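Understanding the architecture of this molecule
The chain contents come next:
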Amino acid sequence: EAQVTQNPRYLITVTGKKLTVTCSQNMNHEYMSWYRQDPGLGLRQIYYSMNVEVTDKGDVPEGYKVSRKEKRNFPLILESPSPNQTSLYFCASSKTSGRGYEQYFGPGTRLTVT
Amino acid sequence: LAKTTQPISMDSYEGQEVNITCSHNNIATNDYITWYQQFPSQGPRFIIQGYKTKVTNEVASLFIPADRKSSTLSLPRVSLSDTAVYYCLLVSGTYKYIFGTGTRLKVLA
């Protein structure tokens, strides 16, 4: 089944404790992206990657890191989480060929930083 | 990136056609208009995409006038399960996505 998976689905952590949220897709998509969703602010793009070893900042990259060493994986790293990073996080992927902009989203990771 | 403007919320009744209009006055020549649907606590789901005129698929139609400064998503005969947030966004080869806050559609029985 074609899908985007994220782990963990729920995470409660403390300020300053490094964490990684994994994202994996099995559709051989070149493009992958991370978003955060907060009440009243909608979905905001954190980082995206056009292909292996190619990443770029979205609208809200501060406090986050990403890496794209393999085509299928795009982990989101919070080196020193803070309470303002409490949010619902989504990973997405899509092809980059043609002019298709259909992204496939993962189920989301709900992160709470205390 | 050009910004889009949508109504914050809309109510409709089951069986009615729903039209959600999106304004994008500063759309660029290579921007495509894309619509996504999101249910609570789920990731958005792609609905439809278009560049100009009319596009139709099995779930919706997208109407784009010649000047491309607006677009209308049309959902025929909505049901309760169409209650969701609908996002209009402009996308180009830069692959930067700005979702905004969307339109919250509530379908009533």
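Please refer to the structure placed before this passage.
My aim in this report is to walk through the structure given alongside it, one point at a time. (Residues numbered from 1 in each chain as written. Chains lettered and ligands numbered in written order. Predicted model: local features only at pLDDT ≥ 70, side-chain atom pairs only at ≥ 80, totals over all residues. Heavy atoms only, no water.)

Right, let's get into the interface of chain B and chain A. Facing the 23 residues of chain B at the interface are 26 residues of chain A. Buried area between chain B and chain A, summed over both chains or domains, comes out near 1900 Å², and the portion from carbon and sulfur atoms is 54%. Among the residues of chain B in contact with chain A, Tyr95, Lys96 and Tyr97 of chain B are the three that bury the most area, contributing 33% of the side total. Remark: the boundary between chain B and chain A carries zero salt bridges. Where chain B meets chain A, there are five residue pairs in polar contact (both at pLDDT 80 or more). Listing elements by their share of the side of chain B that touches chain A, those giving two or more residues are β3 (32-38), β4 (45-50) and β8 (84-91) of chain B. For the side of chain B that touches chain A, the leading source of residues is β3 of chain B, giving four residues. (Contact = heavy atoms within 4.5 Å. Buried area = accessible area lost by both parts, 1.4 Å probe. Salt bridge = Lys/Arg side-chain N within 4 Å of Asp/Glu carboxyl O. Polar contact = N/O pair within 3.5 Å; in protein donor to acceptor, adjacent residues only side chain to side chain. Helix = DSSP H or I, 4+ residues; strand = E, 2+ residues; numbered from the N terminus.)

We now examine the packing of aromatic side chains. The full count for this structure, using the stated rule, is 13 aromatic pairs over all chains. Centre to centre, the rings of Tyr31 of chain A and Tyr97 of chain B are 5.8 Å apart; their planes meet at 55 degrees, and the pair counts as tilted. Placement of the pair is Tyr31 of chain A in strand β4 (residues 31-38) and Tyr97 of chain B in the loop between β8 and β9 (103-108), with the two residues belonging to separate chains. Between Phe90 of chain A and Phe105 of chain A, the ring centres sit 6.4 Å apart and the planes meet at 80 degrees, which makes this aromatic pair edge-to-face. Placement of the pair is Phe90 of chain A in strand β9 (residues 87-94) and Phe105 of chain A in strand β10 (residues 104-105), with a sequence separation of 15 residues. The exposure classification of Phe90 of chain A matches that of Phe105 of chain A, with both residues buried. Put simply, the rings of Tyr31, Tyr35, Tyr48, Phe90 and Phe105 of chain A together with Tyr36, Phe46, Tyr87, Tyr97 and Phe99 of chain B pair up and form one aromatic cluster. In this structure, Arg68 of chain A is placed above the aromatic ring of Phe74 of chain A, and the distance from its NZ or CZ to the ring centre is 6.0 Å. Over the ring of Tyr51 of chain B we find Arg68 of chain B, and its NZ or CZ is 3.9 Å from the ring centre. (Phe/Tyr/Trp six-rings, centres within 6.5 Å; stacked < 30°, edge-to-face > 60°. Buried < 20%, exposed > 50% of the residue type's maximum accessible area, 1.4 Å probe, protein only. Lys NZ or Arg CZ within 6 Å of the ring centre and 35° of its normal.)

Here the focus is the pattern of salt bridges. Residues and elements named next belong to chain A. In this structure the tally under the stated criterion is four salt bridges over all chains. Here Glu79 ties to Lys18 by a salt bridge, and the two come within 4.0 Å at their closest N and O atoms. Pair noted here: Glu79 is in the loop between β8 (76-78) and β9 and Lys18 is in the loop between β2 (10-13) and β3 (19-25), with a separation of 61 residues, a long-range link. A salt bridge links Asp38 to Arg36; the nearest nitrogen and oxygen atoms lie 2.9 Å apart. According to the relative accessible area criterion, Arg36 is buried, its value standing at 8%.

All names here are of chain A. Counted residue by residue, β9 has eight buried out of eight residues, so it is predominantly covered. Side chains of β9 alternate between two faces, with Ser87, Tyr89, Cys91 and Ser93 and Leu88, Phe90, Ala92 and Ser94 buried alike. In terms of strand pairing, β4 meets β9 through seven bridges, oriented antiparallel. Bridge pairing in β9 links Trp34 to Cys91. Relative to strand β11 (residues 109-113), β9 runs antiparallel, the two being bridged by three bridges. Opposite Leu88, over in β11, you have Arg110 as the bridge partner. (Pairing = 2+ DSSP bridges.)

A few words on the nonpolar core. Residues and elements named next belong to chain B. In terms of nonpolar packing, the biggest core is built from 20 residues, with Ile33, Trp35, Ile47, Leu73, Leu75 and Tyr86 touching the most fellow members. Looking at this core, the elements with two or more residues in it are β2 (18-23), β3, β4, β6 (61-64), β7 (70-75), β8 and β9. For this core, the leading source of residues is β8, giving four residues. Not counting the four nearest positions on each side in its chain, Leu73 is found in contact with Val18, Asn19, Ile20, Trp35, Ile47, Ile48, Ala60, Ser61, Leu62 and Tyr86. (Core = buried A, V, L, I, M, F, W, Y, C linked by side-chain atoms within 4.5 Å.)

Bringing the sheet that holds β8 of chain B into the picture now. All names here are of chain B. The strand order across the open sheet formed by five strands is β1-β9-β8-β3-β4, and the pairing between neighbours is mixed. The sheet is open, and its two borders are formed by β1 (9-13) and β4, each paired with just one other strand. When strand polarity is set aside, the average angle formed by the axes of neighbouring strands in this sheet is 25 degrees. Note that β1 and β9 share five bridges and pair parallel. Bridge pairing in β9 places Ser12 opposite Val107. (Axes fitted to C-alpha atoms, helices over the stretch in contact; angles between N-to-C directions.)

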